[in-house]
Amino acid sequence: MVRKRSEPVFETDETPEQLRSRSDARRERLQSEEELMMLSEALVSLGDGTLQKLDLGDSVLSAIFGAKRVAPGGARNRALRLVRASLRDLDVGLLREVLEDQHGVSIEPAKLRKRDRPR
C-alpha cells in the first residue's frame, strides 16, 4: 500500500510585503533609482525660469544649479547623484506628472539591462 504525501499547509500572519523576496526588493530599488536618474537629468536640462516655477525645495534647486555648472564627465555624474539624493524626499510621481503635463518634458523608462530582463 502506497501512502500519498500530503502537502503541508502553512498558515502565516505575514503580509505580502513581508513575504517579498530580496530580489524583488532589489529590482524595485533599481527601478526607482533609474527613474530618479532620468528625472534628475531632465531637471538639469531645464531652464532656470522653468525650475523656479516647479516649486522645488531650496536644497533640490541648489543641487540642480550646482549640477548645471559642472562640465560633463565624472564630476557631473557625482553632481547628478546629489540631485537624485535630494529628490528622494519629494513626491516623484507628482513631479513627473507636472513636468509632462505643464512643461512637455517626457521621461521615458530606461531599457532594462540584460540581467534584469524577464526570462
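Anything mentioned here points back to the structure above.
So, here is what we can say about the structure in this document. Residue numbers here run from 1 along each chain, matching the order of that chain's written sequence. The predicted origin of the model limits local features to residues at a pLDDT of at least 70 and limits the giving and counting of side-chain atom pairs to 80 or more, whereas totals for whole chains, interfaces and linings rest on all residues. Water and hydrogen atoms were dropped before computing side-chain values, which therefore reflect all heavy atoms in the structure.

**Examining helix α3 (residues 58-69)**
Now for step 1: Its 12 residues give α3 an end-to-end C-alpha distance of 17 Å, which sits within 8% of 16 Å, the value for a rise of 1.5 Å per residue.
Now for step 2: Residue exposure (1.4 Å probe, protein chains only): buried if accessible area is under 20% of the type maximum, exposed if over 50%, otherwise partly exposed. Starting at the N terminus, helices and strands are each numbered in turn, a helix being any DSSP run of H or I of at least four residues and a strand any DSSP run of E of at least two. The complete set of buried residues in α3 reads Val60, Leu61, Ala63, Ile64, Gly66 and Ala67.
Now for step 3: Every residue pair with non-hydrogen atoms within 4.5 Å of one another is taken to be in contact. Where the residues of α3 are buried, they touch α1 (22-45), α2 (48-53) and α4 (74-87). Expected span, for any helix, means 1.5 Å times one less than how many residues it has.

**With respect to the pattern of salt bridges**
Now for step 1: One speaks of a salt bridge when a side-chain nitrogen belonging to Lys or Arg is within 4 Å of a carboxyl oxygen belonging to Asp or Glu. The full count for this structure, using the stated rule, is six salt bridges.
Now for step 2: Arginine 88 serves as the salt-bridge partner of glutamate 33, at 2.9 Å between the closest nitrogen and oxygen. Of this pair, glutamate 33 sits in helix α1 while arginine 88 sits in the loop between α4 and α5 (92-102); the two residues are 55 residues apart in sequence, bridging distant segments of the chain.
Now for step 3: Residues glutamate 100 and arginine 96 are paired through a salt bridge, measuring 3.6 Å at the closest nitrogen-oxygen approach. Taken as a pair, glutamate 100 and arginine 96 lie in helix α5 at a separation of four residues, close to a single helical turn.
Now for step 4: Overall, the relative accessible area of 34% leaves glutamate 100 in the partly exposed class.
Now for step 5: Within this structure, Glu33, Arg84 and Arg88 form a network of salt bridges that share partners.

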